[in-house]
Amino acid sequence: MPAMPPPSDIVKVAIEWPGANAQLIEFDQKKPLASIIREVCDGWSLSGSEQFALRYADGPQLYITEQSRGEMKNGTILRLAISPMRAARQLLERIQSHGIDARLEALKELAKLSADPTFATEFINMEGLATLARLVESGTQYESYTQFFGEMLAFTLTAFLELMDHGIVSWDLISVSFIKQIAGYVNQPMVDVSILQRSLAILESMVLNSHSLYQRVAQETTVAQLIAHLSNQEIQTYAIALINALFLKTPEDRRQEMASTLAQKHLRGIILNHIIRGNRPVKAEMAHQLYVLQVLTFNLLEERMMTKMDPNDQTQRDIIFELRRIAFDGDNDPSGTEKRKAIYTKDYKMLGFTNPVNPAMDFTQTPPGMLALDNMLYLAKVHQDTYIRIVLENCSREDKHECPFGRSAIELTRMLCDILQVGELPNEGCNNFHPMFFTHERAWEEFFCVCIQLLNKTWKEMRATAEDFNKVMTVVREQITRALAMKPPSLEQLRVKLRSLSYSEILRLRQSERMSQDDFQSPPIIELRERIQPEILELIKQQRLNRLCEGSCFRKLGNRRRQEKFWFCRLSLNHKVLHYGDLDESPQGEVPFELLTDKIPVSDIKAVLTGKDCPHMKEKSALKQNKEVLELAFSILYDPDEALNFVAPNKYEYCIWTDGLSALLGKELGSDLTRSDLDTLMSMEMKLRLLDLENITIPEAPPPVPKEPSTYNFTYNYG
């Protein structure tokens with residue numbers, strides 16, 4: 001008698017077949033899949049088992065393969081279905097049939113099945129993609145069936161996009177006529193929304209995946225038409241995603257030209273009025289696209305940021321002379337005698353240049369290079385009164401309290417480039433756009449002008465001297481980053497936020513955010529902290545576990561962001577089981593356990609991995625380069641040798657889940673959020689406990705123990 005396989009190799013599942021009672025079987029992971037399918041077919045007296053396959057009954061209903069069978073869990077419901085090859089052949093035949101109803105139903109089914117990589121491979125091997133492409137290219141044949149045209153074409157485009165998304169074949173194989181047809185739908189004023197969405201998504205994928213197709217799409221689509229689509233809320237995200245893709249792939253020497261075209265077509269104003277200030281809140285995907293556009297726009301500054309000034313270039317030197325002339329209303333003639341040169345040197349020193357003899361040398365370091373000079377000239381010409389006031393105000397101060405305008409402007413430009421990450425590519429999943437940068441055509445320069453005034457104000461508040469320069473810049477950086485974090489809707493609101501973040505306010509905030517080291521280092525206080533800390537950590541641990549019981553929604557990583565797919569995970573109320581499952585859309589409230597078909601016993605969890613150690617980060621080489629995704633990735637390893645992979649939607653959820661899982665495994669909570677919460681709660685608890693001791697000096701050591709009495713003959717009088 002053969003030995004029974006170990007329990008870890010047996011998965012108990014139910015298998016359905018239309019019109020028959022479900023079979024409950026023990027799925028032996030050591031047996032060939034073909035043998036198991038044959039046994040299932042025999043149970044229902046079905047012949048030709050090679051024509052059948054197993055699929056999941058719930059969720060995306062993917063086919064079970066030798067590669068994916070290990071993902072099955074106890075209690076999974078499967079369905080016996082025709083094999084992927086047979087399904088692909090049948091659908092291909094039905095798609096090419098003459099009956100419109102049959103075609104429409106076949107295309108509906110194809111659009112759904114194409115998400116399955118196993119089916120997609122079979123369908124593509126049968127030249128299915130070419131068939132779909134021909135249907136699209138000759139799309140006019142549908143138009144005689146007006147009531148079906150839009151629906152049939154939409155399902156055709158959906159299936160095409162799903163099939164291409166698997167990366168089985170190259171986008172470069174797409175024909176010119178197909179591109180023209182798809183671009184034609186985008187350029188037509190009256191096209192069904194579902195067709196427009198899919199057409200825009202297909203063009204975006206072409207642009208991002210092929211340089212030659214980028215050129216063709218750029219020829220066939222007009223920026224004006226894409227911008228016109230932004231007035232339609234249902235296709236805004238798709239349209240701006242294609243604009244971003246074209247912007248990203250435009251050769252560097254033509255990006256300024258592209259930016260000028262977008263400006264001429266009033267893209268910024270349309271985004272501001274129709275999206276940012278529209279009737280609906282900005283959703284996560286649109287926020288990401290606005291962030292991408294913001295990054296690409298600021299990256300246009302990189303060339304000037306990395307360009308050194310040529311001290312021998314008279315045109316560039318004339319700009320510095322213009323700064324001097326505007327500030328001091330001097331002679332416009334840059335030539336002059338030795339006496340005039342001495343005057344210029346004095347003026348350049350008053351302007352705050354590090355090298356007053358040859359101020360051009362101040363702009364030879366990159367970053368910020370010539371970008372700093374551009375900012376200074378913009379301030380001097382557009383906000384002339386402000387510029388003159390800043391310069392003359394510092395000229396009249398005592399020498400040691402002068403704020404060097406030139407040095408400050410150069411260092412401030414470098415700082416702003418760093419804060420806004422000028423020159424870096426957009427991060428996948430980042431939604432950090434700033435509405436105020438869409439409120440002005442020269443948002444970068446205006447941002448600089450606001451910040452240089454802040455710097456001058458903070459310098460005065462700190463009564464700083466030249467030796468305090470770096471200290472002032474540190475405070476200014478904190479003021480700017482704190483104000484940006486509040487997402488002011490306009491530059492004027494930014495000014496308001498910055499006015500409220502004075503130097504004294506920054507000191508107050510710093511004080512409230514951390515305990516004073518001087519007040520809390522005495523031995524009694526340290527001992528009190530040590531006693532309180534376990535209670536606070538237990539409180540944080542319980543909060544993390546409660547959040548896991550509420551659950552979180554995670555986005556599945558994919559090539560197309562508009563076709564988002566989600567899954568949800570939550571911890572059982574008794575903290576013994578993790579329940580998870582796929583969702584069609586992001587949930588609005590609590591997801592009941594019944595909808596989460598998969599589960600992992602907490603007792604089976606072996607480890608929690610983060611970052612580049614995660615299996616899904618090792619598998620996706622492209623993602624390994626994306627720092628933001630790496631920082632949000634974590635995985636659960638559980639028996640026997642399986643993993644559940646996550647990418648958190650943000651840093652907060654990442655900390656909540658990694659902390660909660662550590663708590664379940666009895667490990668220390670080590671996230672940044674825990675450290676922050678611990679500091680905050682400890683500070684509050686310490687202050688509450690020491691409230692009655694305010695203005696009372698706490699001794700460093702306990703009072704001395706008195707000497708023993710000479711006798712122990714104590715008596716009490718109970719009179």
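One can find the structure itself at the top, above this paragraph.
1. Focus on the overall build of the chain
Right, on to step 1. Counting its regular elements, the chain contains 30 helices and 11 strands.
Right, on to step 2. Going through the 719 residues of the chain one by one, you find that 46% of them count as buried.
Right, on to step 3. Excluding contacts between residues fewer than 6 apart, the proportion of contacts in the chain whose partners are at least 24 apart in sequence is 66%.
Right, on to step 4. Entry remark: accessible area of the chain is about 37500 Å², with carbon and sulfur atoms responsible for 50%.

2. Some remarks on the sheet that holds strand β11 (residues 642-647)
Right, on to step 1. Taken together, three strands build an open sheet; the order of strands is β9-β10-β11 and the sheet is antiparallel. For this open sheet the edge positions go to β9 (605-610) and β11, each flanked by a neighbour on one side alone. Along the sheet, successive strands turn relative to each other by an average axial angle of 20°, direction set aside.
Right, on to step 2. One ladder, built from five bridges, connects β9 with strand β10 (residues 633-638); its direction is antiparallel. Looking across to β10, one finds that A607 is bridged to L637.

3. Regarding the pattern of salt bridges
Right, on to step 1. Under the definition given, this model contains 28 salt bridges.
Right, on to step 2. Where R325 meets E322, a salt bridge forms, and the shortest distance between an N and an O atom there is 2.9 Å. Separated by three residues within a single helix, R325 and E322 lie in helix α16 (residues 314-328), roughly one turn from each other.
Right, on to step 3. Since its relative accessible area comes to 23%, R325 is described here as partly exposed.
Right, on to step 4. Notably, a salt bridge pairs R495 with E492, separated by 3.7 Å at the nearest N-O pair. In this pair, R495 and E492 both sit in helix α23 (residues 491-500), three residues apart, roughly one turn of the helix.

4. Some words on the nonpolar core
Right, on to step 1. The biggest cluster of nonpolar side chains holds 84 residues, and the ones touching the most others in it are M206 and I271.
Right, on to step 2. Residue contributions to this core peak at 10 residues, all from helix α6 (residues 146-165).
Right, on to step 3. The residues contacting I271, other than those within four sequence positions of it, are L230, I240, I276, L290, L293 and F438.
Right, on to step 4. Within the second largest apolar cluster, 67 residues are counted, among which are F353, L379, F405 and I480.

5. Observations concerning the side chain of T65
Right, on to step 1. Along the chain, T65 turns up in the loop between β3 (52-56) and β4 (77-82).
Right, on to step 2. Here T65 is in contact with L33 and T118, once residues within four sequence places are set aside.

6. Some points on the packing of aromatic side chains
Right, on to step 1. Per the counting criterion, the structure on display carries 24 aromatic pairs.
Right, on to step 2. Measuring from centroid to centroid gives 6.2 Å for F433 and F438, while their planes differ by 75°, and the two rings are edge-to-face. In terms of burial, F433 and F438 fall into one category: buried.
Right, on to step 3. Where W567 meets Y580, the ring centres are 6.1 Å apart and the plane angle is 80°; that geometry is what we call edge-to-face. With W567 in strand β6 (residues 566-571) and Y580 in strand β7 (residues 577-583), this pair connects stretches of sequence that are 13 residues apart. In terms of burial, W567 and Y580 fall into one category: buried.

7. Points about the packing of helix α20 (residues 405-419) against helix α22 (residues 469-485)
Right, on to step 1. For the pair α20 and α22, the least separation of the axes is 11 Å and the interaxial angle reads 40°. The angle between α20 and α22 falls in the class oblique. Two packed elements cross with a definite hand, and for α20 against α22 that hand is right-handed. Two secondary-structure elements touch here, α20 through R407, S408, E411, L412, M415, L416, D418 and I419 and α22 through F469, N470, M473, V476, R477, I480, T481 and L484.
Right, on to step 2. Its residues assigned to classes, the contact of α20 with α22 comprises nine nonpolar, three polar and four charged.

8. Description of a negative patch on the surface
Right, on to step 1. Taken together, the side chains of E252, D253, E257, E302 and E303 define an acidic patch exposed on the protein surface.
Right, on to step 2. Locating E302 in the fold gives a position in helix α15 (residues 302-305).
Right, on to step 3. E302 sits in the partly exposed class, given a relative accessible area of 32%.

9. Considering the side chain of S572
Right, on to step 1. Tracing the backbone shows S572 in the loop between β6 and β7.
Right, on to step 2. Here the side chain of S572 touches N574 through a polar contact of 2.6 Å, side chain to side chain.
Right, on to step 3. Once you skip the residues sitting within four places of it in the chain, S572 turns out to touch C549, V577, H579 and F593.

10. Points about the packing of α22 against α23
For any two helices packed against each other, one specifies the crossing angle of their axes together with the interaxial distance.
Right, on to step 1. Contact geometry for α22 and α23: axes closest at 9 Å, N-to-C directions at 130°. Our classification of the angle between α22 and α23 gives oblique. For α22 against α23, the interelement crossing comes out right-handed. Contacts between α22 and α23 involve Q479, I480 and A483 from the first element and L494, K497 and L498 from the second.
Right, on to step 2. By residue class, the composition of the contact of α22 with α23 is four nonpolar, one polar and one charged.

11. Re the pairing of β4
Right, on to step 1. In the sheet, strand β1 (residues 10-16) pairs with β4 via three bridges, with the strands oriented parallel. From the neighbouring strand, I15 faces β4, where its bridge partner is L78.
Right, on to step 2. Bridging between β3 and β4 involves five bridges; their strand directions are antiparallel. Within the sheet, the bridge partner assigned to Y56 lies in β4 and is L78.

12. Observations regarding helix α9 (residues 211-220)
Right, on to step 1. Residues of α9 that are buried: L213, Y214, V217 and E220. Buried residues in α9, looked at end-on, bunch into an arc of 135°, giving them a common side. For α9, exposure combined with an orientation more than 90 degrees from the buried face picks out H211 and Q219.
Right, on to step 2. Each element contacted by the buried residues of α9 is listed here: α7 (176-187), α8 (193-209) and α11 (236-249).

13. Let's talk about the sheet that holds β3
Right, on to step 1. Pairing is mixed in the open sheet, where four strands are placed in the order β2-β1-β4-β3. At either margin of the open sheet sits one strand with a lone partner, and together these are β2 (23-28) and β3. The mean angle between the axes of side-by-side strands here comes to 40°, regardless of whether they run parallel or antiparallel.
Right, on to step 2. Summarising the sheet, β1 and β2 pair through six bridges and their orientation is antiparallel. Bridge pairing links I15 to Q23 in β2.
Right, on to step 3. Each of β1, β2, β3 and β4 touches helix α1 (residues 33-43); the most contacted strand, β2, lies at about 165° to it.

Rules and cut-offs
Residues numbered from 1 in each chain as written. Predicted model: local features only at pLDDT ≥ 70, side-chain atom pairs only at ≥ 80, totals over all residues. Heavy atoms only, no water. Helix = DSSP H or I, 4+ residues; strand = E, 2+ residues; numbered from the N terminus. Buried < 20%, exposed > 50% of the residue type's maximum accessible area, 1.4 Å probe, protein only. Contact = heavy atoms within 4.5 Å. Areas by Shrake-Rupley, 256 points an atom, 1.4 Å probe, with all protein chains shown as cover. Pairing = 2+ DSSP bridges. Axes fitted to C-alpha atoms, helices over the stretch in contact; angles between N-to-C directions. Salt bridge = Lys/Arg side-chain N within 4 Å of Asp/Glu carboxyl O. Core = buried A, V, L, I, M, F, W, Y, C linked by side-chain atoms within 4.5 Å. Phe/Tyr/Trp six-rings, centres within 6.5 Å; stacked < 30°, edge-to-face > 60°. Parallel < 35°, antiparallel > 145°, perpendicular 65-115°, else oblique. Left-handed = near helix turned anticlockwise from the far one by under 90°. Nonpolar A, V, L, I, M, F, W, Y, C, P; charged D, E, K, R; others polar. Patch = residues over 30% accessible without salt bridge, like charges linked within 9 Å, V, L, I, M, F, W, Y side chains within 5 Å. Lys, Arg positive; Asp, Glu negative; His and termini not counted. Charge placed at Lys NZ, Arg CZ, Asp CG, Glu CD. Polar contact = N/O pair within 3.5 Å; in protein donor to acceptor, adjacent residues only side chain to side chain. Arc of directions from axis to C-beta.

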